[in-house]
Amino acid sequence: MATHPSRASEHSYSVVIPVYNSQDVVGHTNDAVLEVFEAAGLRHQVVLVNDGSRDGSWDVISARAAQSPH
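On a predicted model such as this, the values are computed, not experimentally measured, just so you know.

The rules we used
Residues numbered from 1 in each chain as written. Predicted model: local features only at pLDDT ≥ 70, side-chain atom pairs only at ≥ 80, totals over all residues. Heavy atoms only, no water. Axes fitted to C-alpha atoms, helices over the stretch in contact; angles between N-to-C directions. Helix = DSSP H or I, 4+ residues; strand = E, 2+ residues; numbered from the N terminus. Parallel < 35°, antiparallel > 145°, perpendicular 65-115°, else oblique. Left-handed = near helix turned anticlockwise from the far one by under 90°. Contact = heavy atoms within 4.5 Å. Pairing = 2+ DSSP bridges. Right-handed = clockwise from strand over helix to strand, strands pointing away. Salt bridge = Lys/Arg side-chain N within 4 Å of Asp/Glu carboxyl O.

## With respect to the packing of helix H1 (residues 26-40) against helix H2 (residues 57-67)
The contact between H1 and H2 brings their axes to 9 Å, and the two run at 30 degrees. Relative to H2, H1 is oriented roughly parallel. Between H1 and H2 lies a crossing of right-handed hand. Each of Val26, Gly27, His28, Asn30 and Asp31 in H1 lies in contact with H2, whose residues at this interface are Ser57, Val60, Ile61 and Arg64.

Structure representation (structure tokens):
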């Protein structure tokens, strides 16, 4: 039985990003990850895990979640 290498476009990717007191960088990080996957035309989801941040990280995460289905 011959095996064929799978193509990247046949998969769906999940990216998990831990967030802790990262309000100044989490938005940019999320946007950069989305840009890479969207430019490549790959199916994806981004999961931002807020690990008890005490800054405005959750506000940034919530805003990004409202803007993107990924």
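## A short note on the pairing of strand E2 (residues 43-50)
Sheet analysis places strand E1 (residues 12-19) next to E2, joined by eight bridges and oriented parallel. Note that in E2 the partner of Ser14 across the bridge is Gln45. With respect to chirality, the unit in which E1 leads through H1 into the neighbouring parallel E2 is right-handed.

## Looking at the pattern of salt bridges
This structure, assessed with the given rule, holds one salt bridge. As a salt-bridge pair, Arg64 and Asp31 come within 2.9 Å of each other at their nearest N and O atoms. Here Asp31 lies in helix H1 and Arg64 lies in helix H2, a separation of 33 residues in the sequence.

## Side note on the environment of Gln67
As for its position among the elements, Gln67 is in helix H2. C-alpha separation for the pair Gln67 and Tyr20, spaced 47 residues apart in sequence, amounts to 21 Å.

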